[in-house]
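# Coordinate analysis (summary)
Single-letter residue listing:
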Amino acid sequence: MAEQTRSPNLLPIAFALGVLLWLFTMTGGRQVFIEEVLGKAYDSQADHFLRGDVGVDGDAIKHEVMVVKGKSYMYFGPFPAFLRIPLNYIYPGGRGHWSRISGFCAGMIALAAFAGLVRMALRGSQLSSRWQDWLGRASLVGFALGSPLLLLLGNLSIYDEAIIWGLAWSLAALYFALRSREAEGSALTRSLIAFSCCAGGALLSRATFGVPFLLIAPVLVFRLFRRNPVRNLAALFLPLGAALTFYLFLTYARFGDFSGMPMRYNANPTQRQFATKYGLFRLERIPYSAADYLVLRWPKTQHDAPYLKASRLPYNHPTLYVMPFTETYSSLLWSSAWIILGAVIGMAMLLRPGGSAVMDRTIAVILFLQVLLILSFMGLAQRYTAEFYPFLVFVFLFFLRQGNAAFRLRYLFIALVVVSLVINSLTTVSWLVETDLNVPVETKAVWKGFLSRTSPQ
């Protein structure tokens, strides 16, 4: 290995993956304006915002409505609603059908941010230019096809659209946070503004993605005292502070409480009663949830395409989880084996004496708190594994940055990318076509037609 200062060229593979994800999201490119489950809710929320109201039409939010003093509200983050305002102004005919375009844009931001993080890590490694390119491209393929991103793009109901925007802005905020540590002068100020805006976007998309960056922002302060502190502190805190203020007052205006969504307003009686009795988050759930998300379940096979079968599995802990089953249809050890390998090694490098700065360890701990929060939640679902990714990506970067380990394990890493790609893509298609109740009928029909042509006659 020879020391290199160049960055790997990831633009061609990122563009190719973007085209592939467009075809996947739009079901071959033919279903762009499709009404997803509760897809009109964000449009209704946007209309209410324009009238200075924080409510939503009850027939738009339907079974996810939160009724407070006779008025309908939604608990989902408002960012996708803000996006609907210019989209509906430009093309009113798309009202209620923007979910796939919105989700695809979020997916591309996530892919671009991840590519930027990988380039940054590999640029600081001692890998040869050849292996920088190979490992960088493999990482992008793994992220696009061997991660929860594929599921989120395959079903852009209101549940997944909120998560994919939270993931996208989290990775973008992480990119600009790390970039700010290398920048000086006006470049530093621009990076801090970008971090603050992205962190605010994450908070307004899904609070569990945004809260860690509220804690990371003060960590970035320590290197600003000798670098034009007034300007840079304003750049760091003003956009994020504005987003936090809006989030708090929006929550209070909806529910009369700054802390978030009170479950007593939940329209689902099962969830409302369970959360009231056993709690929305409980630390006792962490080991059971970790076992569910990380246990090495063998993929189930079937004769017909897509050849691997995804389904809900029994997981009956009546005082821990609201449902007696899990919707984690594929363990992270199968569907994202590539990043688990890198994250484990990266964590070991992060924790070894002299292996990293205190700031890096602090950021890792903060991001890990998000993982613990999701592990303590009262439900289990494959889409929630996206909440693990800010932490996994951050520690994965240390695996790439320390070129020796990456070079020794290069063939194993690439093989795990292939394994993750195959298992995650096939099980995700199975879940979307055969199990997921939120996929539109016309989308399932196209998938079934395609799969019937690929099955053996």
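Our structure's up above, just so we're on the same page.
Structural notes, computed from the coordinates.

## A closer look at the layout of surface pockets
- Here the second largest pocket defines a volume of roughly 460 Å³.
- Broken down by element, the lining of the second largest pocket gets its largest block of residues, five residues, from helix α20 (residues 441-454).
- Class assignment for the residues of the lining of the second largest pocket results in 15 nonpolar, four polar and one charged.

## Remarks on the pattern of salt bridges
- Under the criterion given, the structure shown has 14 salt bridges.
- Between Arg206 and Glu387 there is a salt bridge whose closest N-O contact spans 2.6 Å. Taken together, the residues Arg206 in the loop between α9 (185-205) and α10 (207-220) and Glu387 in the loop between α16 (358-375) and α17 (389-401) connect sequence positions 181 residues apart.
- In this structure Glu387 comes out as buried when scored by relative accessible area, which is 0%.
- In this structure, Arg312 and Glu327 form a salt bridge, with 3.0 Å as the shortest nitrogen-oxygen distance. Placement of Arg312 in the loop between β4 (308-309) and β5 (313-314) and of Glu327 in the loop between β6 (325-326) and α14 (332-335) is noted, with a sequence separation of 15 residues between them.
- Relative accessible area serves as the criterion here: at 29%, Arg312 is assigned to the partly exposed category.
- Where salt bridges share partners, they join Asp160, Arg312, Glu327 and Arg383 into one cluster.

## Describing a nonpolar patch on the surface
- A contiguous nonpolar surface patch, about 520 Å² in accessible area, is contributed by Phe33, Tyr89, Ile90 and Tyr91.
- Structurally, Tyr89 is set in helix α4 (residues 79-90).

## Brief notes about the environment of Ile339
- With respect to the helices and strands, the residue Ile339 is situated in helix α15 (residues 337-351).
- As for Ile339 and Leu397, which are separated by 58 residues in sequence, their C-alpha atoms are 9.8 Å apart.
- Contact partners of Ile339, with chain neighbours within four places excluded, come to Tyr389, Leu392, Val393 and Phe396.

## Digging into the nonpolar core
- Counting 135 residues, the largest nonpolar core has Phe143, Phe195, Trp338, Phe394 and Phe413 as the members making the most contacts within it.
- No other element matches helix α8 (residues 158-180), which puts 14 residues into this core.
- Setting aside residues up to four positions removed in sequence, Phe195 forms contacts with Ala173, Phe176, Ala177, Phe213, Ile216, Ala217, Leu220 and Leu236.
- Tyr42, Phe49, Val68 and Leu250 belong to the second-largest nonpolar core, a separate cluster that totals 20 residues.

## Considerations on empty space enclosed by the protein
- Inspection of the entire model under this criterion finds one cavity of 30 Å³ or more.
- Taken together, Phe24, Thr25, Thr27, Arg100, Leu153, Gly154, Thr443 and Trp447 make up the lining of the largest cavity.
- Of all the elements in the fold, those that place two or more residues in the lining of the largest cavity are α1 (11-25), α7 (149-154) and α20.
- Of the residues in the lining of the largest cavity, the class split is three nonpolar, four polar and one charged.

## Section: the packing of aromatic side chains
- Scanning the model with the defined rule gives 39 aromatic pairs in all.
- Between the aromatic rings of Phe76 and Tyr159, the centroid separation amounts to 5.9 Å while the plane-to-plane angle is 70 degrees, which identifies the pairing as edge-to-face. Pair noted here: Phe76 is in the loop between β2 (71-73) and α4 and Tyr159 is in helix α8, with a separation of 83 residues, a long-range link.
- Judged by its relative accessible area of 6%, Phe76 is buried.
- Plain terms: the ring middles of Phe114 and Trp338 are 6.1 Å apart, the flat faces sit at 80 degrees to each other, and that makes the pair edge-to-face. Taken as a pair, Phe114 in helix α5 (residues 99-123) and Trp338 in helix α15 lie far apart in primary sequence, 224 residues in all. Both residues of the pair, Phe114 and Trp338, count as buried.
- Three or more aromatic residues joined by ring pairs make a cluster, and in this case those are Phe114, Phe143, Trp338, Tyr389, Phe396, Phe399 and Phe413.
- We note Arg401 situated over the ring of Phe398; from NZ or CZ to the ring centre the distance is 4.8 Å.

## Looking at the state of the cysteines
- By the definition in use, this model includes zero disulfides.
- Unpaired in terms of disulfides, Cys105 finds its nearest cysteine sulfur in Cys198, a separation of 15 Å.
- Just so you know, Cys197 is unpaired, no disulfide at all, and the nearest cysteine sulfur is the one on Cys198, 6.8 Å from it.

## Considering α8
- Taking 1.5 Å of rise per residue, the 23 residues of α8 would be expected to cover 33 Å, and the 33 Å separating its terminal C-alpha atoms lies within 8% of that figure.
- The buried fraction of α8 amounts to 22 of the 23 residues, a majority that puts the element mostly inside the structure.

## Examining the packing of α10 against α16
- At a closest axis distance of 10 Å, the pairing of α10 and α16 adopts a crossing angle of 160 degrees. In terms of axis orientation, α10 runs roughly antiparallel to α16. Both α10 and α16 take part in a crossing whose hand is right-handed. In this structure, α10 contributes Thr208, Phe209, Pro212, Phe213, Leu215, Ile216, Val219 and Leu220 to the contact, and α16 contributes Met359, Thr362, Ile363, Ile366, Leu367, Gln370, Leu373 and Ile374.
- Each residue belonging to the contact of α10 with α16 can be placed in one class, and the counts come to 13 nonpolar, three polar and no charged.

The rules behind these values
- Residues numbered from 1 in each chain as written.
- Predicted model: local features only at pLDDT ≥ 70, side-chain atom pairs only at ≥ 80, totals over all residues.
- Heavy atoms only, no water.
- 1 Å grid on protein atoms, 1.4 Å probe; cavity = no way out; pocket = protein on both sides within 12 Å on 5 of 7 lines; lining within 4 Å.
- Points joined across faces, edges and corners; volume = space filled by probe spheres on them.
- Helix = DSSP H or I, 4+ residues; strand = E, 2+ residues; numbered from the N terminus.
- Nonpolar A, V, L, I, M, F, W, Y, C, P; charged D, E, K, R; others polar.
- Salt bridge = Lys/Arg side-chain N within 4 Å of Asp/Glu carboxyl O.
- Buried < 20%, exposed > 50% of the residue type's maximum accessible area, 1.4 Å probe, protein only.
- Patch = residues over 30% accessible without salt bridge, like charges linked within 9 Å, V, L, I, M, F, W, Y side chains within 5 Å.
- Areas by Shrake-Rupley, 256 points an atom, 1.4 Å probe, with all protein chains shown as cover.
- Contact = heavy atoms within 4.5 Å.
- Core = buried A, V, L, I, M, F, W, Y, C linked by side-chain atoms within 4.5 Å.
- Phe/Tyr/Trp six-rings, centres within 6.5 Å; stacked < 30°, edge-to-face > 60°.
- Lys NZ or Arg CZ within 6 Å of the ring centre and 35° of its normal.
- Disulfide = S-S within 2.5 Å.
- Expected span 1.5 Å × (residues − 1).
- Axes fitted to C-alpha atoms, helices over the stretch in contact; angles between N-to-C directions.
- Parallel < 35°, antiparallel > 145°, perpendicular 65-115°, else oblique.
- Left-handed = near helix turned anticlockwise from the far one by under 90°.

Treat this as a map of the structure, not an account of what it does.
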